[in-house]
Every structure is written in C-alpha cells, then in structure tokens.
Amino acid sequence: MSWSGCVEREEMRAVLRRGQWPAGCPAELVRHVESCAACRQEMLISTHLQAERSVAVAGAAPVSSSLLWWRAQARRRETALRQAGRPLAAAQVFALVMMVAAIVGWIAWNWPAVIGLGRGGLSLGQMEAQLGVVPVVAAVALVSTLGGVVALLTIERQP
Amino acid sequence: MNWEDAIPSIAAERAEPRAEPVMNSDEFAEFYQRSSRPLWAYLARASGDATLADDLMQESFVRFLCADMPGDGEIARRRYLFRIGSNLLHDHWRRPRVMPIDELPEECAAARDASRQSDSRLMLDPAMAKLRPRDRQLLWLAHAEHYSHREIAEITGLAVTSIRLLLFRARRQMAHLLEQKGGGLR
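The rules we used
- Residues numbered from 1 in each chain as written.
- Chains lettered and ligands numbered in written order.
- Predicted model: local features only at pLDDT ≥ 70, side-chain atom pairs only at ≥ 80, totals over all residues.
- Heavy atoms only, no water.
- Helix = DSSP H or I, 4+ residues; strand = E, 2+ residues; numbered from the N terminus.
- Buried < 20%, exposed > 50% of the residue type's maximum accessible area, 1.4 Å probe, protein only.
- Contact = heavy atoms within 4.5 Å.
- Areas by Shrake-Rupley, 256 points an atom, 1.4 Å probe, with all protein chains shown as cover.
- pLDDT = per-residue confidence, 0-100.
- Buried area = accessible area lost by both parts, 1.4 Å probe.
- Salt bridge = Lys/Arg side-chain N within 4 Å of Asp/Glu carboxyl O.
- Nonpolar A, V, L, I, M, F, W, Y, C, P; charged D, E, K, R; others polar.
- Phe/Tyr/Trp six-rings, centres within 6.5 Å; stacked < 30°, edge-to-face > 60°.
- Core = buried A, V, L, I, M, F, W, Y, C linked by side-chain atoms within 4.5 Å.

Topic: the overall build of chain B
Alright, step 1. Counting its regular elements, chain B contains ten helices and zero strands.
Alright, step 2. Going residue by residue from the N terminus, the α and β elements of chain B occur as α-α-α-α-α-α-α-α-α-α.
Alright, step 3. Scored against the burial criterion, the 186 residues of chain B give a buried share of 52%.
Alright, step 4. Intrachain contacts of chain B at a sequence separation of at least 6 include 72% that bridge at least 24 residues.
Alright, step 5. A total of about 8,800 Å² of accessible surface is found on chain B, and carbon and sulfur atoms cover 50% of it.

Observations regarding the confidence of the model for chain A
Any segment with low pLDDT has predicted coordinates that should not be analysed in fine detail.
Alright, step 1. When pLDDT is averaged along chain A, the result is 79, and 81% of the positions lie at 70 or above.
Alright, step 2. Per-element confidence in chain A is highest for helix α3 (residues 37-59) of chain A, whose mean pLDDT is 87, and lowest for helix α6 (residues 124-131) of chain A, whose mean pLDDT is 64.

Observations concerning the interface of chain B and chain A
A common way to express how large an interface is: the accessible area buried when the components associate.
Alright, step 1. Opposite the 55 residues of chain B that make contact, chain A presents 43 residues.
Alright, step 2. Interface area, chain B with chain A, both sides summed: about 4,500 Å², of which 65% is carbon and sulfur.
Alright, step 3. Counting every contact that joins chain B to chain A gives five salt bridges.
Alright, step 4. If you tally residues by element for the side of chain B that touches chain A, the top one is helix α3 (residues 25-47) of chain B, at ten residues.
Alright, step 5. The class makeup of the residues in the side of chain B that touches chain A is 27 nonpolar, twelve polar and 16 charged.

Things to note about the side chain of Glu42 of chain A
Alright, step 1. Here Glu42 of chain A lies in helix α3.
Alright, step 2. With residues near it in sequence (within four places) discarded, Glu42 of chain A still touches Arg9, Met12 and Arg13 of chain A together with His143 and Arg171 of chain B.

Let's talk about the packing of aromatic side chains
Residue and element names in this part refer to chain B.
Alright, step 1. Overall, the coordinates contain nine aromatic pairs over all chains when judged by the stated rule.
Alright, step 2. A centroid spacing of 6.3 Å and a plane angle of 70 degrees characterise the contact between Phe31 and Phe61, whose relative ring orientation is edge-to-face. A residue pair is termed long-range when its members are at least 10 positions apart, and Phe31 in helix α3 and Phe61 in helix α4 (residues 50-66) qualify at 30 residues.
Alright, step 3. A relative accessible area of 2% places Phe31 in the buried class.
Alright, step 4. Using a relative accessible area of 0% as the deciding quantity, one classes Phe61 as buried.

Concerning the confidence of the model for chain B
Residues and elements named next belong to chain B.
Alright, step 1. Mean pLDDT over chain B: 79, with 70% of residues reaching 70 or higher.
Alright, step 2. Scored below 50 in pLDDT, residues 1-13 makes 27 contacts in the model with residues more than four places away or belonging to other chains.
Alright, step 3. Low pLDDT, under 50, characterises residues 107-116; the stretch is placed with 16 contacts to residues that sit more than four places away or in other chains.
Alright, step 4. Overall fold confidence for the complex sits at a pTM of 0.68, while the interface term, ipTM, reaches 0.72.

What about the pattern of salt bridges?
Alright, step 1. Tallying each qualifying case throughout the model produces 15 salt bridges over all chains.
Alright, step 2. Measuring nitrogen to oxygen at the nearest pair gives 2.5 Å for the salt bridge that ties Glu42 of chain A to Arg13 of chain A. With a gap of 29 residues between them, Glu42 of chain A in helix α3 and Arg13 of chain A in helix α1 (residues 9-17) connect regions that are remote in the sequence.
Alright, step 3. Salt-bridge contacts for Arg53 of chain A lead to Glu145 of chain B; the nearest nitrogen and oxygen are separated by 2.8 Å. Of this pair, Arg53 of chain A sits in helix α3 while Glu145 of chain B is found in the loop between α8 (133-144) and α9 (149-156), placing the two residues in two different chains.
Alright, step 4. For Arg53 of chain A, a relative accessible area of 21% puts it in the partly exposed group.
Alright, step 5. On the accessibility criterion, Glu145 of chain B (11% relative accessible area) is buried.

Overview of unusual backbone geometry
Alright, step 1. The phi torsion at His146 of chain B lies on the positive side, around 60 degrees, for a residue other than glycine.
Alright, step 2. The topology assignment puts His146 of chain B in the loop between α8 and α9.

Topic: the nonpolar core
Alright, step 1. Counting 62 residues, the largest nonpolar core has Leu49 of chain A together with Phe61 and Met174 of chain B as its most contacted members.
Alright, step 2. Each residue touching Leu49 of chain A, except ones within four places of it in the same chain, is listed here: Leu124, Met128, Leu139, Trp140, His143, Ala144 and Met174 of chain B.
Alright, step 3. One finds Cys6, Cys25, Leu29 and Cys36 of chain A within the second-largest nonpolar core, a separate group that totals 13 residues.

Thoughts on α1 of chain A
Alright, step 1. Arg9, Met12, Arg13, Ala14, Val15 and Leu16 of chain A are the residues of α1 of chain A that are buried.
Alright, step 2. Tucked inside the fold, the buried residues of α1 of chain A contact α2 (27-35) and α3 of chain A together with α9 and α10 (160-180) of chain B.
Alright, step 3. Gly19 of chain A sits one or two positions beyond α1 of chain A and adopts a positive phi of about 70 degrees.

Thoughts on the environment of Val30 of chain A
Residues and elements named next belong to chain A.
Alright, step 1. By secondary structure assignment, the location of Val30 is in helix α2.
Alright, step 2. Distance from Val30 to Met12, taken between C-alpha atoms, is 9.1 Å for residues 18 residues apart in sequence.
Alright, step 3. Contact partners of Val30, with chain neighbours within four places excluded, come to Trp21, Pro22 and Cys25.

Looking at the side chain of Ser35 of chain B
All names here are of chain B.
Alright, step 1. Within the secondary structure layout, Ser35 lies in helix α3.
Alright, step 2. Take Ser35: its relative accessible area is 0%, and that puts it in the buried class.
Alright, step 3. If we ignore the near neighbours within four places in the chain, the residues touching Ser35 are Phe61, Glu74, Arg78 and Leu81.

Take a look at the structure:
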C-alpha cells in the first residue's frame, strides 16, 4: 500500500462528503473499495469519524454568543487602554535615562572636585567655591524626579 | 525535533487585539451558530476532554473576534477559527499539567456528552485514546471535517508534505486499531 494513496481516492471522498456511501455509490466504486486496501482503510476511518462527528456536534452545548461578544469587547478595551499608556511609560523611561546621563556627565566634568570630596581633602566651603550651588540643585532635582516617577509607578500598579 | 517545535509561532493569535471587531454582533451570532458545534467536536475529540473543549472553544472565539483575520468569507473564517483552536490545544499540551487527565473523574468528560454509549464511540474511543494527540487532530480534520492537506497544513502549521505522510501513518494505525475492535467497513 502506497502512502501517496489511490487514484480513486478523490471520487471516494466526494461520495463520503455527499453522504452517499454505500447506498448512493456507483457499484464499481464499491467493488474498488472492497479490493483496495488504501481505500478500504480510508473508508473505514471516515465512516467512523463522521458518525462520531454527527454525535459530537449534536451533543455540544455552546454558551451564548453574546457572552463571548462581550468578553471580546472587554479584551479589546483593555488592550486599547494598555496601548494608550505605552507612550507615557516610554516618556518616563526616557526622562529617567536623561537624568542619569546628566548626573554622570556632571560628575565626569567635575571629576577632580568629586575626588577631592571623596578623600576628605576638600571642605564644603572650598567645594562651594569651586562648584557653586550646582550640586545642591542637582540633588534636589534628582530626588524630586525620582520621587515623582516612583509615586507614578506605584499608583499605576495598584489594581 | 519534536513535532510541536515545527509549528511556527502563533503570531496571529497572540497579536494584540485590534480596535474594531471583524464582524458585527449579528454576523457573529450567525457565524457562531454555524461554527461552534463543529469546533467543539474537534477540540473535544482531539483532546479527549469535553471540559477543556468548552474552555478552548470560548477562548478561540474571543481571540477570533480580536484578531486581524486573513482572508474573507465563511470558509476562510472557519479555517482560521480552527487554526486558533489548534494552537490553543497545542499550547495546552505544551503546558506542564497540574493534574494528569487520567486522574480526572470520568464524569467530568462524560456529563456533557450524551453520545457516550453510541456504538461508534465504543470502538472509536479506545482507538483514539491510543493515538498521539497530533494524529487524532490530523485524522479528525481530514476525515470528519474533510479538510484538504493544504488546509490542514494551514490549520496546524505543519508542512503539506509532512501532512500526507503523517496522515498515512495515523490512518494505518487507526485502521489497525479499529479492525482489532471488530469495527469493519459498514
């Protein structure tokens, strides 16, 4: 028996689809099915599965279509809201990255003073003389921004 | 390589739901009326679990309504629905089981299924149970739903050439099991 099937297979399938087996089927096709192992096998399985399909379809008890329609609408709304929130989240991430980059840039620019502060060799008075009020302003800005971002993220995650 | 790995990612069904539905509620109600029972029958017989088939069928329709549908017309829509159902079934098989299906009480599957005692099922059930899930799926699509190899390939994500060979093997095994049970040609 070849796995590619028999030349009569399509005709046999058409008969099966029309529900004409065996009563409405041409006699020569019936004889062929009896003598061809591939067709007999296919006919055997098809008749069983189609009988099974009829019974299963009759036994199915689908829920109301309006319930599924409502669920799909709710899911679409939820997705639309999620998509609308994406630019805001992206802006938050961008702001955070820019802030970190600014701090790193500032530290790199004023590296000698920062090193001196770390070693205790630079007093606050000297530091203020060298850097002015920039570090204080930067620290306040950083704390305010990060505080705002944390507050926003906390509120967003609450159900 | 496992056969499940051959199925491409379920991109279409996992895509974000679209803003507008693919059909209005009346059209959907009619489509649902015509398609829900065949889809349930397929999912129930391929999975062997009527309760699971209920869940997967509902999820299939919800995803169908949210998805961008390729093509138009009843046949394409139904095929796409079967594809979503097949992918959900496939996902279910891949998930680790909390409780093996064998341990579920029999009435879980039988309660909704008035066909339990039919002659065909008495022969078919043991034979189907011995087949691999993929083989049950392919046989059902080919012989109960009359899908062509190309359509089955579209639904399952397998190659058309693979379908032919896999179906041949599944058919041979199924026929052997049915003949053992005395289920000859009627």
